[in-house]
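Structural features, examined
Residue strings, one per chain:
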Amino acid sequence: MNGTVLAEARWRRLDGPGEDKCRLVEEPDGFILSGHARVGVGGAEAALDYIVRCDADWRTTSADIAGLYHEEEVAWRILRDDGGWTLNDEPCGLADCIDIDLAITPATNLLPIRRLSISEGRRAELSAAWFRPEEGGRLEPLEQSYACLSNDRIRYASPGFQAVLHVHPSGFVTQYEGMWEGEVDDQP
C-alpha cells in the first residue's frame, strides 16, 4: 500500500473477548481497509488479518482474509465482478450485493455508510455479501438497512438483529451497540 492513510480505528469487543485494528487508506483508484481482528467467532478463537479493496465509489472489488481460525491456518480470497462474487475461485452468485460484510469486524460497516451517504431521517436497504469463517468459510447474502438518526448515529438492522451505530466522520463506527466500542485517529 502506497496510498494515504485517512484514519485508523481500534475497537474492543463488548460481548466477549476480542479486539480489532483497521486502517482506511486512499489509493489512486479507490480505498483499502487493512486490519487485524482477534476475536471469538462461531465458537472458535480467530486471529485474522484482512484487506478489503474498493473502487472510488466505495463498491467492494475484493477481500483477502488470512490467519488462524480454530488453531488452523486459513486463507480466503474473495472477488466481485459484474457476475457476482467468488470465494477461493468458487462462484457464489450474489450479483446484487455491492458491499462485503466481514463477520469478524465492525470495519466493513464503513463501506455502505460511505457509499450511501444517507442524510438524516433517510433509510437505505441493501443486501451485502456476508463472509463468515465457520465451516471452511461461507459467503451468503445478508439483508441490511441503515437509517440515519443524526449526523453521527445510524440504526443498523439485519434479520433478527438491530443496533445503533455511532459513526466518526471518517465512516468508521466508534460504538456498535452491545458489540464493539472504539476510537478513531484521523491524523495517524
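Bear in mind the structure is a predicted one, so any value in this text is a computation, not a measurement. (Residues numbered from 1 in each chain as written. Predicted model: local features only at pLDDT ≥ 70, side-chain atom pairs only at ≥ 80, totals over all residues. Heavy atoms only, no water.)

**Thoughts on the overall build of the protein chain**
The line we're drawing: Helix numbers and strand numbers start at the N terminus; a helix is a DSSP run of H or I with at least 4 residues, a strand a run of E with at least 2. Within these notes, the globule rule equals 2.2 Å times the number of residues to the 0.38 power, and the radius of gyration is based on C-alpha atoms. The buried label goes to any residue with under 20% of its type's maximum accessible area, the exposed label to any with over 50%, and the partly exposed label to all in between, with areas taken from a 1.4 Å probe on protein chains only. Computed by Shrake-Rupley with a 1.4 Å probe, the accessible areas treat only the displayed protein chains as cover when residues are assessed.
Within the protein chain one finds one helix and 15 strands. Taken over the C-alpha trace, the protein chain has a radius of gyration of 15 Å; the compact-globule value for 188 residues is 16 Å, and the two agree within 12%. C-alpha extents for the protein chain along the principal axes are approximately 40 × 40 × 40 Å. Per-residue burial over the protein chain gives 48% buried out of 188 residues. With an accessible surface of roughly 9300 Å², the protein chain has 44% of that area assigned to carbon and sulfur atoms.

**Focus: the pattern of salt bridges**
Heads up, the rule is: Salt-bridge detection follows one rule: a side-chain nitrogen of Lys or Arg within 4 Å of a carboxyl oxygen of Asp or Glu.
Counted according to the given criterion, the structure contains 17 salt bridges. In this structure, Glu140 and Arg132 form a salt bridge, with 3.4 Å as the shortest nitrogen-oxygen distance. What you see here is one network of salt bridges that share partners, running through Glu8, Arg10, Lys21, Arg23 and Glu183.

**Comments concerning the nonpolar core**
So the rule is basically this: In this text, buried Ala, Val, Leu, Ile, Met, Phe, Trp, Tyr and Cys residues form a nonpolar core when linked through side-chain atoms within 4.5 Å.
Residues Tyr50, Ile65 and Phe172 are the most contacted members of the largest nonpolar core, which totals 55 residues. The leading source of residues in this core is strand S4 (residues 44-55), at six residues.

**A closer look at the packing of aromatic side chains**
Describing an aromatic ring pair means giving the distance of the ring centres and the angle of the ring planes. Short version of the rule: Two aromatic rings, drawn from Phe, Tyr or Trp (for Trp, its six-membered ring), form a pair once their centres lie within 6.5 Å of each other, and the interplanar angle then sorts them: stacked below 30 degrees, edge-to-face above 60, tilted otherwise.
In this structure the tally under the stated criterion is seven aromatic pairs. Among the aromatic side chains, those forming a connected cluster through ring pairs are Tyr146, Tyr156, Phe161 and Tyr176.

**Observations regarding the pairing of strand S11 (residues 138-150)**
Basically, it comes down to this: Here a strand pair is declared whenever DSSP counts at least two bridges between the two strands.
As judged from the ten bridges shared by strand S10 (residues 123-132) and S11, these two strands associate in the antiparallel manner. By the bridge assignment, Ala128 is partnered in S11 with Leu142. Hairpin remark: S10 followed by S11, antiparallel, with five residues in the connecting loop; positive phi at Glu135, about 55°. As defined by bridge partners, S11 adjoins strand S12 (residues 153-158) across five bridges and the pair is classed as antiparallel. Pairing of Ser150 across the sheet is with Arg153, part of S12.

**Regarding the environment of Ile32**
Assignment of secondary structure puts Ile32 in strand S3 (residues 30-41). With a relative accessible area of 11%, Ile32 lands in the buried category. Put simply, Ile32 and Val167 are 135 residues apart on the chain and 18 Å apart in space, counted from C-alpha to C-alpha.

**So, unusual backbone geometry**
One non-glycine residue, Trp58, adopts positive backbone phi at about 70°. If you trace the backbone, Trp58 turns up in the loop between S4 and strand S5 (60-69). For Trp58, a relative accessible area of 7% translates into the label buried. Within the chain, Glu71 stands out as a residue other than glycine whose phi angle is a positive 65°. Within the fold, Glu71 resides in the loop between S5 and strand S6 (72-81).

**Description of a negative patch on the surface**
Definition in use: Note that patches include only residues with greater than 30% relative accessible area and no salt bridge, and the join distances are 9 Å for like charges and 5 Å for nonpolar side chains (Val, Leu, Ile, Met, Phe, Trp, Tyr). Counted as positive: Lys and Arg. Counted as negative: Asp and Glu, with His and the chain ends omitted from the count. To locate a charge, take NZ of a lysine, CZ of an arginine, CG of an aspartate or CD of a glutamate.
Negative charge collects at one region of the surface, where Glu45, Glu71, Glu72 and Glu73 lie side by side. Looking at the element boundaries, Glu72 is found in strand S6.

**Focus: the pairing of strand S1 (residues 4-13)**
The pairing of S1 with strand S2 (residues 18-27) spans eight bridges and is antiparallel. Following the sheet pairing, Glu8 is matched in S2 by Arg23. Taken together, S1 and the strand that follows it, S2, pair antiparallel across an intervening segment of four residues. As defined by bridge partners, S1 adjoins strand S15 (residues 180-185) across six bridges and the pair is classed as antiparallel. Bridging from a neighbouring strand, Arg10 pairs with Glu183 of S15.

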